Amino acid sequence: MTDTIARPTPPTLGLQGPVVAWHDPWAKERSDEIMRTGTGIVYPSQDPAPTPGEFVRAMQELGAAFYVHHLIPSLAGQSEMIRDLARAGMRLCLGNEYGNINGPYVEGTNRYDVPDEMLAEAASAGILMGVLYDEPEHLQINAGQYRKDAFLPHWGATDGLSLPEASDRVASAVASRALAVRRILEAEGLRADAAPLVSEQVFPVLFHVQARGGMAVCPKVMKESFQPLQLATALGAAKQYGRDLWICADLWGPDVGPWFTRTSGFPGHSPEEFASALRMGYLMGPTHLFAENIDCLLRHEGGGRFRRTAFGDAWEEFARGFVPSHPLDWSHRDAEADIAFVHADDSNYGQNARLFGNRSLEAPAETQSVFHVWRLLSRGAIPAHGSCMHIPGYDFPRHRLKKETPIGDFPLERGREWGRGQGVHPLFLPSNNVLVYDETVSEKRLGSPRLIVAAGTRLSTGTLNAMRRKANDGALVVIASWLAPEAWRSSGRVGNGQWLVTDDFLGDERVREAIEPFLGSPDRWTQRFGGTEVRFAKGDAAGFTLDFEIARLRTR
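Here's what I pulled together on the structure shown here.

Quick notes on the rules
Residues numbered from 1 in each chain as written. Predicted model: local features only at pLDDT ≥ 70, side-chain atom pairs only at ≥ 80, totals over all residues. Heavy atoms only, no water. Helix = DSSP H or I, 4+ residues; strand = E, 2+ residues; numbered from the N terminus. Rg over C-alpha atoms; globule rule 2.2 N^0.38 Å. Buried < 20%, exposed > 50% of the residue type's maximum accessible area, 1.4 Å probe, protein only. Contact = heavy atoms within 4.5 Å. Pairing = 2+ DSSP bridges. Salt bridge = Lys/Arg side-chain N within 4 Å of Asp/Glu carboxyl O. Expected span 1.5 Å × (residues − 1). 1 Å grid on protein atoms, 1.4 Å probe; cavity = no way out; pocket = protein on both sides within 12 Å on 5 of 7 lines; lining within 4 Å. Points joined across faces, edges and corners; volume = space filled by probe spheres on them. Nonpolar A, V, L, I, M, F, W, Y, C, P; charged D, E, K, R; others polar. Core = buried A, V, L, I, M, F, W, Y, C linked by side-chain atoms within 4.5 Å. Axes fitted to C-alpha atoms, helices over the stretch in contact; angles between N-to-C directions. Parallel < 35°, antiparallel > 145°, perpendicular 65-115°, else oblique. Left-handed = near helix turned anticlockwise from the far one by under 90°.

**Details of the overall build of the protein chain**
Then, in step 1: The helix and strand inventory of the protein chain stands at 15 helices and 21 strands.
Then, in step 2: What you see for the protein chain is a C-alpha radius of gyration of 23 Å, in line with the 24 Å of a compact globule of 556 residues.
Then, in step 3: When each of the 556 residues of the protein chain is scored for burial, the buried share is 60%.
Then, in step 4: Contacts spanning at least 24 positions in sequence make up 73% of the contacts within the protein chain whose residues lie at least 6 apart.

Structure (structure tokens):
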């Protein structure tokens, strides 16, 4: 009898509900009474509303096993929605975005928590599998995004706190809410981890802090992200804290093109980029993967007749074709670093202010060293002044579309095209098996990277000592001078490895020369999962699409 090796559970696929295409099928006209997007206006629905049954069947025909549903704060139709999904055998992730935008808010915050009774009802029905918090990192830092009456960060005020204190304040608030949800699940006879809090994020900051508090990690891909940076940070946070990894393929974005367009920036990526991003996200081995939103995939023509757009075709090919033909024998939990980047997660994505939502603390210059390191690790492809496109230097084509097109003219069947070179968001950037850990990472969790880089504002004593031992065992450690104790501020050989101290990651020629052998090809982005390496290359000249290969590595 031959022993069989169990494969990891394949990623579960889902879809998020409509925000401009048609009414919430269960809340009907109530959908048009609230803001369902973060654009600051109420968008009228564009298509006739399907019935609940028609909508559920449409999702299932696209291959979705779960539905991401943001509750309308009035809770209109929500019990009926839970009942209908249970009858159809679909799972449910309940989200808080509409409440974040419209209120009501948890006292002293800009946060909407899905009411406990709705969580209990969905759990009792046996379909609850996640509680999604929409962009909590954004709403912690930029607390005035939706709520205008006061500056009240998502997880609570941090004014007057030091960076470590603010980090602990956020993690503690997350842990408190995670505990409350676990108790609801246990009261319904479910495992405490059956429906985790999920941190769905546009900015690549606070992944580690919120994971420390108990949240599953959910990076948005596409959007305005630098993909290797976003995913290396999320993978590292999930690995370090033992959390599930969800991935949101977010169709909102910066670009404009000759594709079906619901409104400015939606979709802000081409169908071809979407197809590549779905494959990219899947190959990271997440537990769950979903698209935001279904509006771009389907047009409802009435009477339950749905017509797929080019985006719907891309999703169906992915769900019905690519996924079954590419079973994974790895998961995100197998991620390993050849380059470990260690830095405190201080929430600076390039805004250089309001770290953790703290208005009274000037951002230390040391936080910007994180950007400098990514500039090096990406061979100059990632800017030296921020970690996503929401920084100076990027002019989004969607802004012109919004300015030139009245809201009543949408949707645009063929989008807009103003000539070549109008896109600003490629998927490809070079990176070579990088994982990001925070300042408390243990020696065991670091694994066996060949290069360790330490930047940012602080390191724990345990992590510093672990890095020194890794150097002794043969690794190259490049560390900011302000992080090294006096006795370790000299560069040189340490055991079988090397210890390199620098005041300036970008300006120090020794650093450039030392790390060059570890950076990999400028034409490749790699992410390693145990003995498997996923390799991405440009699928077109600009890197808006990806080619990939899966390589089996010899044991090092």
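**Quick notes on the pairing of strand E12 (residues 339–343)**
For a regular strand, side-chain orientation follows a simple rule: the groups alternate between the two sheet faces.
Then, in step 1: Counted residue by residue, E12 has five buried out of five residues, so it is predominantly covered.
Then, in step 2: Looking at chain direction, E12 and strand E15 (residues 451–455) are connected through five bridges and run parallel. Counted as the bridge partner of Phe-341 is Val-453 from E15.

**Thoughts on the pattern of salt bridges**
Then, in step 1: The full count for this structure, using the stated rule, is 37 salt bridges.
Then, in step 2: Between Lys-220 and Asp-250 there is a salt bridge, and its shortest N-O distance comes to 3.1 Å. Of the two residues, Lys-220 sits in strand E6 (residues 216–222) while Asp-250 sits in strand E7 (residues 246–250), which places them 30 residues apart along the sequence.
Then, in step 3: Relative accessible area serves as the criterion here: at 1%, Lys-220 is assigned to the buried category.
Then, in step 4: Classification of Asp-250 by relative accessible area gives buried; the value is 0%.

**Notes on helix H6 (residues 163–187)**
Then, in step 1: With 25 residues, H6 extends 37 Å from end C-alpha to end C-alpha; this agrees with the ideal 36 Å at 1.5 Å per step.
Then, in step 2: Those residues of H6 that sit buried are Leu-163, Ala-166, Ser-167, Val-170, Ala-171, Val-174, Arg-177, Ala-178, Val-181, Ile-184 and Leu-185.
Then, in step 3: The inward-facing, buried residues of H6 contact helix H4 (116–124), strand E4 (128–134), helix H5 (136–141), strand E5 (197–201) and helix H7 (207–213).
Then, in step 4: After H6 finishes, the residue Gly-189 shows a positive phi value of roughly 80°.

**Remarks on the layout of surface pockets**
One water molecule sets the probe size; rolling that probe over the atoms shows where empty space is left.
Then, in step 1: The calculated volume of the largest pocket comes to roughly 710 Å³.
Then, in step 2: In terms of lining residues, the largest pocket is bounded by 35 residues, among which Gly-38, Thr-39, Lys-223, Trp-252 and Arg-398 are the most central.
Then, in step 3: Here the lining of the largest pocket is built from residues that sort into 10 nonpolar, 14 polar and 11 charged.

**Side note on the nonpolar core**
Grouped burial of nonpolar side chains is what soluble globular proteins tend to show.
Then, in step 1: Core analysis: the largest hydrophobic core is formed by 160 residues, its most contacted members being Phe-274, Leu-297, Trp-315, Phe-341, Trp-374 and Ile-479.
Then, in step 2: Per-element accounting of this core gives the leading share, nine residues, to H6.
Then, in step 3: Filtering out sequence-adjacent residues up to four positions away, Trp-315 remains in contact with Leu-13, Gly-14, Leu-15, Leu-62, Phe-274, Leu-278, Leu-289, Ala-291 and Leu-297.
Then, in step 4: Grouped together as the second largest cluster of nonpolar side chains are 11 residues, Met-129, Leu-132, Trp-246 and Cys-248 included.

**A look at the sheet that holds strand E16 (residues 476–480)**
Then, in step 1: Here we have six strands laid out as an open sheet, ordered E14-E12-E15-E16-E18-E17, and mixed in their pairing. Of all strands in the sheet, those with a lone pairing partner are strand E14 (434–437) and strand E17 (492–494), marking the two edges. Ignoring strand direction, the axes of neighbouring strands in this sheet form an average angle of 20°.
Then, in step 2: As judged from the four bridges shared by E15 and E16, these two strands associate in the parallel manner. Bridging across to E16, Val-453 finds its partner in Val-478.
Then, in step 3: Relative to E12, helix H11 (residues 369–377) is tilted by about 170°, and along the sheet it contacts E12, E14 and E15.
Then, in step 4: Against the sheet, helix H14 (residues 461–473) contacts E12, E15, E16, E17 and strand E18 (497–502), and its axis sits at roughly 130° relative to E18.

**Quick word on empty space enclosed by the protein**
Then, in step 1: Going through the model one piece at a time under the given rule, you end up with four cavities of 30 Å³ or more.
Then, in step 2: As for the largest cavity, its lining consists of 15 residues, and the residues nearest its centre are Pro-204, Val-205, His-343, Asn-348 and Val-370.
Then, in step 3: Contributions of two or more residues to the lining of the largest cavity are made by helix H8 (227–241) and H11.
Then, in step 4: Counted by class, the lining of the largest cavity contains six nonpolar, seven polar and two charged residues.

**A word on the packing of helix H2 (residues 78–88) against H4**
Then, in step 1: The N-to-C vectors of H2 and H4 enclose an angle of 20°; their axes lie 10 Å apart at closest approach. In terms of orientation, H2 lies roughly parallel with respect to H4. In this structure, the crossing between H2 and H4 has a hand that is right-handed. Facing H2, whose interface residues are Gln-78, Ser-79 and Ile-82, H4 presents Met-118, Glu-121 and Ala-122.

**Section: the packing of H4 against H6**
Then, in step 1: It is the contact of H4 with H6, at a shortest axis distance of 9 Å, that shows an interaxial angle of 40°. Relative to H6, the element H4 lies oblique. The two elements H4 and H6 meet at a crossing, and its hand is right-handed. Judged by residue contacts, Asp-116, Leu-119, Ala-120 and Ala-123 of H4 engage Arg-177, Val-181, Ile-184 and Leu-185 from H6.
Then, in step 2: For the contact of H4 with H6, the per-class residue count stands at six nonpolar, no polar and two charged.

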